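Chain residues, written in single-letter form:
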Amino acid sequence: MTGHLSLVSVGPGDLSLVPERARQALQAAEVIVAYDLYLTWVRPLLTTQEVLTPPLTQERYRAQLALQKAAEGRRVALVSSGDIGVYAMAGLVFEELPDDPPFGVEVIPGITSATACASLLGSPLTHDFATLSLSDLLCPWEWIEQRARHIAQADLACVLYNVQSRARREGVYRVLRLMLEHKRPDTVCGVVRNAYREGQAVRVTTLEALLQDEFDMLTTLVIGNRFTARRGRWMYTPRGYNDWQPERAGESVSAPPPQDTVWVYSGTRDGNALALRLAELGQSVTLSVASELGAQVAPAHPNLRVYSGPPGVEARRRALRGARAIVDATHPYAQAITAQLRALSAELEVPYLRYERPSGLPADLSGLTLVDSFEAAARAAAPYGRVFLATGSKDLETFLRAAPDTEVFVRLTPQPDVLRRAQELGVPAGHICAMVGPFSREFNVAQWRAWNIAAVVTKDSGDAGGFGAKREAARDLGLPLMVVRRPPPVPGAFFTADALLEALFFQLKELA
């Protein structure tokens with residue numbers, strides 16, 4: 001009697017997605033070998049077969065058991081979810097398989113997690129893409145990071161498997177930060193949990209927002225490339241890049257960055273004022289901005305050049321070669337760019353000076369609730385029902401997920417992509433104010449009264465960011481004010497422009 005071994009793929013978790021050939025192999029088998037979970041959705045196909053289910057961690061034994069039964073002359077089906085040849089059991093079987101086995105062997109393909117999740121998100125894998133497992137049980141973590149770095153550098157769309165386990169919590173965030181070195185923070189991404197199974201959850205988000213999430217081993221992440229876009233609740237990647245446009249690709253259409261200049265990274269009103277003072281003092285200044293709006297509100301001076309080149313650490317590394325100094329005047333909560341600039345400063349041996357606007361917190365904290373995260377702010381504000389978020393667009397998704405039943409009102413910069421994103425997240429158009437701040441106490445009072453706001457959430461953005469005006473308006477109206485604490489300041493940061501300028505000119509003189 002000649003045995004037969006079928007390596008059977010049963011797809012993501014829905015009987016209707018199991019291929020006909022896989023169904024036939026299961027029904028014809030005398031012995032079924034599988035992890036018990038993988039049989040959940042195919043049990044209607046099982047009748048009198050002998051079913052063997054070694055536990056999850058005994059994959060090699062499962063493969064050996066299937067080979068043993070086939071060698072005994074039995075018809076065996078070794079079952080795996082998804083596609084048995086993708087991060088699954090087929091490789092183990094072929095490791096153990098003799099060159100000329102005394103039984104037949106066939107591999108039956110199926111729908112793997114990457115394509116199953118992609119189908120629920122839309123069409124994010126239309127062009128080149130990669131898959132990467134974040135499990136380090138069988139692969140050194142250094143290799144995983146190296147591969148993630150190359151995927152990011154190539155700007156491939158990618159699918160991350162085995163995202164986060166109870167024992168492996170931080171790895172996914174390290175990989176996401178590697179991605180952010182080469183991909184835009186607003187790169188479109190998808191999160192799928194339990195694809196085609198009970199408890200399925202699907203959402204589209206951004207690369208930067210993923211850093212605030214928690215995941216598990218039932219979650220798959222799909223990270224887009226520079227062309228990936230949203231369409232309603234879907235995400236998609238165009239089929240071809242023949243219509244490539246520099247501004248869509250994140251490449252600068254401006255002239256190459258100048259050399260022998262002081263670079264000021266701003267994005268704040270006081271950062272722009274600092275750049276203008278430097279220019280007025282005779283320094284050649286390059287003011288780096290991150291958006292079209294940033295370029296529009298940048299100051300004008302013969303010694304000041306506005307640069308809006310591509311994001312990512314590689315582009316910044318190229319731009320900063322030959323810089324005289326780096327002045328980091330980005331927002332106090334913009335930790336990612338600050339960490340990146342500090343690292344590039346050390347690598348390129350360019351002086352780094354951090355300007356941090358003073359805190360606006362008063363000595364008397366009555367009426368304020370200090371919290372450590374936007375999730376905590378959402379939990380504190382949720383009972384009030386109608387909440388005004390004075391925190392901008394970056395953390396809007398985090399707040400809405402943590403307080404899904406809260407009626408949220410927001411004030412955002414008038415940028416089409418920012419406003420579109422807020423509405424895609426479910427904020428009604430009538431709850432959005434699109435203006436450039438900061439705003440006065442009187443304006444806040446009038447707006448919050450008109451909207452019948454019951455609580456306000458803000459950052460400690462300092463008086464330059466309008467924190468004082470928000471605090472006074474909340475006090476006038478008797479509203480609770482939830483304040484998300486600042487990250488700790490960079491060691492050696494300067495809290496006045498005069499102190500920073502004095503230190504900068506001293507360092508430039510030393511370098512001359």
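My aim in this report is to walk through the structure given alongside it, one point at a time. Owing to the predicted nature of the structure, the values given are computational and were not obtained by experimental measurement.

## Details of the packing of helix H5 (residues 141-153) against helix H6 (residues 171-180)
For step 1, the next point in the chain: Where H5 contacts H6, the axes come no closer than 8 Å and their chain directions differ by 30°. Between H5 and H6, the angle falls in the class roughly parallel. Relative to H6, H5 is oriented so that their crossing is right-handed. Along its contact with H5, which presents Trp141, Glu145, Ala148, Arg149, Ile151 and Ala152, the element H6 presents Gly171, Arg174, Val175, Leu178 and Met179.
For step 2, the next point in the chain: Considering only residue class, the contact of H5 with H6 consists of 7 nonpolar, 1 polar and 3 charged.

## Thoughts on the sheet that holds strand S13 (residues 234-236)
Whenever strands of a sheet pair, they do so through backbone hydrogen bonds, lying parallel or antiparallel.
For step 1, the next point in the chain: The strand order S6-S13-S12 describes an open sheet built from 3 strands, whose pairing is mixed. Two strands in the sheet have a free side with no partner beyond their single neighbour: strand S6 (122-123) and strand S12 (229-231).
For step 2, the next point in the chain: Examined bridge by bridge, S6 and S13 share 2 bridges and lie parallel to one another. Considered in S13, the bridge of Gly122 is made with Met235.

## Overview of the packing of helix H11 (residues 313-320) against helix H12 (residues 335-348)
For step 1, the next point in the chain: One way to put it is that H11 packs onto H12 with a least axis distance of 11 Å and a crossing angle of 45°. With respect to H12, the axis of H11 lies oblique. In the packing of H11 onto H12, the handedness of the crossing is right-handed. Residue-level contacts link Val313, Arg316, Arg317 and Leu320 of H11 to Ile337, Gln340, Leu341, Leu344, Glu347 and Leu348 of H12.
For step 2, the next point in the chain: Tallied by class, the residues present in the contact of H11 with H12 amount to 6 nonpolar, 1 polar and 3 charged.

## Comments concerning the sheet that holds strand S22 (residues 432-434)
For step 1, the next point in the chain: Spatial ordering of the open sheet is given by S19-S24-S23-S20-S21-S22, a layout of 6 strands whose pairing is parallel. The two strands at the open ends of the sheet, each matched to only one other strand, are strand S19 (368-371) and S22. Averaged over all pairs of adjacent strands, the angle between strand axes in this sheet comes to 20°, irrespective of strand direction.

## What to know about the packing of aromatic side chains
For step 1, the next point in the chain: Counted according to the given criterion, the structure contains 8 aromatic pairs.
For step 2, the next point in the chain: Judged by centre distance (6.1 Å) and plane angle (40°), the ring pair of Phe388 and Trp451 falls under tilted. On the criterion of sequence distance, the pair formed by Phe388 in strand S20 (residues 386-390) and Trp451 in the loop between helix H16 (441-450) and strand S23 (455-459) is long-range, its members being 63 residues apart. Comparing Phe388 with Trp451 shows no difference in burial state: the two are buried.
For step 3, the next point in the chain: Summarising the aromatic geometry, the rings of Phe439 and Phe443 are spaced 5.1 Å apart at their centres and angled 25° between planes, so their arrangement reads as stacked.
For step 4, the next point in the chain: Counting every residue linked through ring pairs, the aromatic cluster contains Phe388, Phe409, Trp448 and Trp451.
For step 5, the next point in the chain: Positioned above the aromatic ring of Trp234 is the side chain of Arg233, whose terminal nitrogen or guanidinium carbon lies 4.0 Å from the ring centre.
For step 6, the next point in the chain: Just above the ring of Tyr333 sits the side chain of Lys459; from NZ or CZ to the centre is 5.3 Å.

## Focus on the side chain of Thr205
For step 1, the next point in the chain: Among the secondary structure elements, Thr205 is positioned in strand S10 (residues 201-206).
For step 2, the next point in the chain: Taking relative accessible area as the criterion, Thr205 reaches 0% and is therefore assigned buried.
For step 3, the next point in the chain: At a separation of 2.5 Å, a polar atom in the side chain of Thr205 contacts the side chain of Glu397.
For step 4, the next point in the chain: Once residues lying within four places of it in the same chain are set aside, the contact partners of Thr205 are Thr187, Val188, Cys189, Val191, Leu210, Arg230, Glu397 and Arg421.

## Details of the pattern of salt bridges
Where charged atoms from two side chains of opposite charge approach closely, those side chains can pair.
For step 1, the next point in the chain: Summed over all chains, the structure comprises 32 salt bridges.
For step 2, the next point in the chain: A salt bridge links Arg386 to Glu407; the nearest nitrogen and oxygen atoms lie 3.2 Å apart. Highlighted residues: Arg386 in strand S20 and Glu407 in strand S21 (residues 407-412), separated in sequence by 21 residues.
For step 3, the next point in the chain: With relative accessibility at 25%, the residue Arg386 sits in the partly exposed group.

## Points about the pairing of strand S7 (residues 129-133)
For step 1, the next point in the chain: With 5 bridges joining them, S7 and strand S8 (residues 157-161) adopt parallel strand pairing. If you follow Ala130 over to S8, its bridge partner there is Cys158.
For step 2, the next point in the chain: On the question of chirality, the crossover connecting S7 to the parallel S8 by way of H5 is right-handed.

## Some remarks on a nonpolar patch on the surface
For step 1, the next point in the chain: A grouping of Phe94, Val105 and Val107 is seen on the molecular surface, where their side chains present a nonpolar patch of about 230 Å² in accessible area.
For step 2, the next point in the chain: Judged by its relative accessible area of 37%, Val107 is partly exposed.

## Focus: H11
For step 1, the next point in the chain: Extensive coverage of H11 is indicated by the burial of 6 of its 8 residues.
For step 2, the next point in the chain: For H11, the set of buried residues is Val313, Ala315, Arg316, Arg317, Ala319 and Leu320.
For step 3, the next point in the chain: In the core, the buried residues of H11 are packed alongside strand S14 (262-265), strand S16 (304-307), strand S17 (325-328) and H12.
For step 4, the next point in the chain: Of the residues trailing H11, Gly322 is marked for its positive phi of about 90°.

## Re the side chain of Lys459
For step 1, the next point in the chain: On the secondary structure map, Lys459 appears in strand S23.
For step 2, the next point in the chain: Look at Lys459 and you get buried, because its relative accessible area is 10%.
For step 3, the next point in the chain: Reaching out from Lys459, the side chain makes a polar contact with the backbone oxygen of Thr391 at a distance of 3.5 Å.
For step 4, the next point in the chain: In contact with Lys459, not counting residues within four places along its chain, are His331, Tyr333, Phe374, Ala390, Thr391, Asp395, Phe467, Val483 and Val484.

## Topic: the nonpolar core
For step 1, the next point in the chain: Leu160 and Met179 are the most contacted members of the largest nonpolar core, which has 26 residues in total.
For step 2, the next point in the chain: Only S7, H5, S8, H6, strand S9 (188-193), helix H7 (207-210) and strand S11 (219-223) provide two or more residues apiece to this core.
For step 3, the next point in the chain: Of the residues forming this core, the biggest block, 7 residues, is contributed by H6.
For step 4, the next point in the chain: When near neighbours in sequence (up to four residues on either side) are disregarded, Leu160 contacts Leu132, Leu134, Val175, Thr219, Thr220, Leu221 and Ile223.

## Considerations on H5
For step 1, the next point in the chain: For H5, with 13 residues, the first-to-last C-alpha span of 18 Å sits near the 18 Å given by 1.5 Å per residue.
For step 2, the next point in the chain: Residues of H5 that are buried include every one of Trp141, Ile144, Glu145, Ala148, Ile151 and Ala152, and no others. Taken end-on, H5 shows its buried residues confined to a sector of 120°, consistent with a single buried face.
For step 3, the next point in the chain: In the core, the buried residues of H5 are packed alongside S7, S8 and H6.

What counts as what
Residues numbered from 1 in each chain as written. Predicted model: local features only at pLDDT ≥ 70, side-chain atom pairs only at ≥ 80, totals over all residues. Heavy atoms only, no water. Axes fitted to C-alpha atoms, helices over the stretch in contact; angles between N-to-C directions. Helix = DSSP H or I, 4+ residues; strand = E, 2+ residues; numbered from the N terminus. Parallel < 35°, antiparallel > 145°, perpendicular 65-115°, else oblique. Left-handed = near helix turned anticlockwise from the far one by under 90°. Contact = heavy atoms within 4.5 Å. Nonpolar A, V, L, I, M, F, W, Y, C, P; charged D, E, K, R; others polar. Pairing = 2+ DSSP bridges. Phe/Tyr/Trp six-rings, centres within 6.5 Å; stacked < 30°, edge-to-face > 60°. Buried < 20%, exposed > 50% of the residue type's maximum accessible area, 1.4 Å probe, protein only. Lys NZ or Arg CZ within 6 Å of the ring centre and 35° of its normal. Polar contact = N/O pair within 3.5 Å; in protein donor to acceptor, adjacent residues only side chain to side chain. Salt bridge = Lys/Arg side-chain N within 4 Å of Asp/Glu carboxyl O. Right-handed = clockwise from strand over helix to strand, strands pointing away. Patch = residues over 30% accessible without salt bridge, like charges linked within 9 Å, V, L, I, M, F, W, Y side chains within 5 Å. Areas by Shrake-Rupley, 256 points an atom, 1.4 Å probe, with all protein chains shown as cover. Core = buried A, V, L, I, M, F, W, Y, C linked by side-chain atoms within 4.5 Å. Expected span 1.5 Å × (residues − 1). Arc of directions from axis to C-beta.

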